[in-house]
Amino acid sequence: MGPFSSHSTRGWVVFGVMICLMMVVTSVSSKKFDELFQARWALDHFVYEGDTLKMKLDNFSGAGFSSKSKYMFGKVTVQIKLVEGDSAGTVTAFYMSSDGPKHHEFDFEFLGNTTGEPYLVQTNVYVNGVGNREQRLNLWFDPSKEFHSYSILWNQRQVVFLVDDTPIRVHSNLEHKGLPFPKDQAMGVYSSIWNADDWATQGGRVKTDWRHAPFIASYRGFEIDGCECPTTVAAAEISRRCSSSAEKRFWWDEPRLSELSLHQSHQLTWVRAHHMIYDYCTDTARFPVTPTECQHHQH
């Protein structure tokens, strides 16, 4: 326990809860990086050009940033222009994650490729520390030529991954089928760029060509619209404060957001039909028994 007695510690916990509850907000949105985020590692690999942030990867280091606060439910968005040219071996990630071995995590991972070959985007969902839910798809545009929006929408009913507001993946709440759903841990927002040539491009067969370094990913349009809790508090209290009740109604709990609209469902069907190249749900070599969630919905 260190120098604090258990009574003193409880006092600080209660104080922390009170501070967090006073700071809970329902909308935190900004186009400026430093209002929502901070550099996390390799600060000398960051370049700031007006409202645009550039992170670089070279053969010395990658780089990464994180949100200043953690959030429970809402929507996070960032516009990214990925590494141009020969980006083989590189990974640029945009994700949300809680802390600890039983953490929840929602991942976008952009896997670089050789010049002229399409970028792949891999998504993954971790619940209580367990992932292995990878999906991969080709994008319907070159993400290295222009900025495009990448978003994660999270509420008590679903997690939706969106590219330019087109859903590319849905992870639905199937608690009624006995499956845990990530709704009890506040999550930070992160991004990083690093060398992963042991697996990222064609299963690791194509390595990073450092002659093309530095590899640069550019960011702008940072937006977080969610329930903010900057201080560590009890999970049950965070969940209660960030869920709608008779006294308050949060936009992410609106019935229309409990599932995809008909138009969004058609968009997701199109993405899956024309751009998906890997889905863990159909990988019988890895999963001889189909994962339970795959049996109940396509996500």
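Please read these numbers as outputs of a predicted model, since none were measured by experiment.

Quick look at the pairing of strand β6 (residues 70-81)
Move 1: Judged by how many residues are buried, β6 sits mostly within the fold: nine of 12 residues are covered.
Move 2: Pairing of β6 with strand β15 (residues 215-229), which is carried by 10 bridges, proceeds in the antiparallel orientation. Following the sheet pairing, Val-76 is matched in β15 by Ile-224.
Move 3: As defined by bridge partners, β6 adjoins strand β11 (residues 148-154) across seven bridges and the pair is classed as antiparallel. In the sheet register, Thr-77 faces β11, and the bridge partner there is Ser-151.

Brief notes about the sheet that holds strand β7 (residues 90-97)
Move 1: One open sheet holds the eight strands; their spatial order is β2-β5-β14-β7-β8-β9-β10-β16, and the pairing between them is antiparallel. Either end of the sheet is taken by a strand with one partner, and the two such strands are β2 (37-41) and β16 (276-279). Direction aside, neighbouring strands of the sheet carry axes that sit 15° apart on average.
Move 2: Two strands pair when backbone bridges link them, and strand β10 (residues 135-138) and β16 are joined in this way by three bridges, in the antiparallel orientation. The partner of Leu-137 across the bridge, within β16, is Met-276.
Move 3: Where helix α4 (residues 262-275) meets the sheet, it contacts β10 and β16, and its direction lies at approximately 95° from that of β16.

Some words on the nonpolar core
Move 1: Formed by 54 residues in total, the largest nonpolar core has its most connected members in Phe-65, Phe-106, Phe-108, Tyr-150, Tyr-219 and Phe-222.
Move 2: Within the second largest apolar cluster, seven residues are counted, among which are Leu-153, Leu-162, Val-170 and Leu-260.

Observations regarding the packing of aromatic side chains
To describe a pair of aromatic rings, one takes the distance between the centres and the angle between the planes.
Move 1: Per the counting criterion, the structure on display carries 23 aromatic pairs.
Move 2: Ring centres of Phe-46 and Tyr-48 lie 6.4 Å apart, and the angle between their planes is 20°; this geometry places the pair in the stacked category.
Move 3: Ring pairing ties together the aromatic residues Phe-33, Phe-37, Phe-46, Tyr-48, Phe-65, Tyr-219 and Phe-222, which thus form one cluster.

A word on the UniProt feature "glycosylation site" (unreviewed entry) in the protein
Move 1: UniProt records the feature "glycosylation site" (unreviewed entry) at Asn-113, using the numbering of this structure.
Move 2: With respect to the secondary-structure elements, Asn-113 resides in the loop between β8 (105-111) and β9 (120-126).
Move 3: Its relative accessible area of 11% is what places Asn-113 among the buried residues.
Move 4: Not counting residues up to four positions away in its chain, the partners in contact with Asn-113 are Gly-85, Asp-86, Ser-87, Ala-88, Pro-118, Thr-201 and Gln-202.

With respect to unusual backbone geometry
Move 1: Cis rather than trans, the peptide bond between Ala-213 and Pro-214 has omega equal to 0°.
Move 2: Note on placement: Pro-214 falls in the loop between β14 (188-195) and β15.
Move 3: For Ala-42, which is not glycine, the phi torsion reads 55° and is therefore positive.
Move 4: With respect to the helices and strands, Ala-42 occurs in the loop between β2 and β3 (46-49).
Move 5: Backbone geometry at Asp-164 places phi at a positive 50°, although glycine is not the residue there.
Move 6: Judged by its relative accessible area of 33%, Asp-164 is partly exposed.

Remarks on the pattern of salt bridges
Move 1: Tallied over the full model, the rule gives 10 salt bridges.
Move 2: In this structure, Glu-134 engages Arg-286 in a salt bridge whose closest nitrogen and oxygen atoms are separated by 2.9 Å. Of this pair, Glu-134 sits in the loop between β9 and β10 while Arg-286 sits in the loop between β16 and α5 (292-296), placing them 152 residues apart in sequence.
Move 3: Under the relative-accessibility criterion, Glu-134 is labelled buried at 15%.

Details of the environment of Ile-80
Move 1: By the element assignment, Ile-80 lies in strand β6.
Move 2: Along the sequence, Ile-80 and Phe-222 sit 142 residues apart, while their C-alpha atoms lie 9.7 Å from each other.

How each quantity is defined
- Residues numbered from 1 in each chain as written.
- Predicted model: local features only at pLDDT ≥ 70, side-chain atom pairs only at ≥ 80, totals over all residues.
- Heavy atoms only, no water.
- Buried < 20%, exposed > 50% of the residue type's maximum accessible area, 1.4 Å probe, protein only.
- Helix = DSSP H or I, 4+ residues; strand = E, 2+ residues; numbered from the N terminus.
- Pairing = 2+ DSSP bridges.
- Axes fitted to C-alpha atoms, helices over the stretch in contact; angles between N-to-C directions.
- Contact = heavy atoms within 4.5 Å.
- Core = buried A, V, L, I, M, F, W, Y, C linked by side-chain atoms within 4.5 Å.
- Phe/Tyr/Trp six-rings, centres within 6.5 Å; stacked < 30°, edge-to-face > 60°.
- UniProt positions renumbered as here; feature names shortened; annotations may be inferred.
- Salt bridge = Lys/Arg side-chain N within 4 Å of Asp/Glu carboxyl O.

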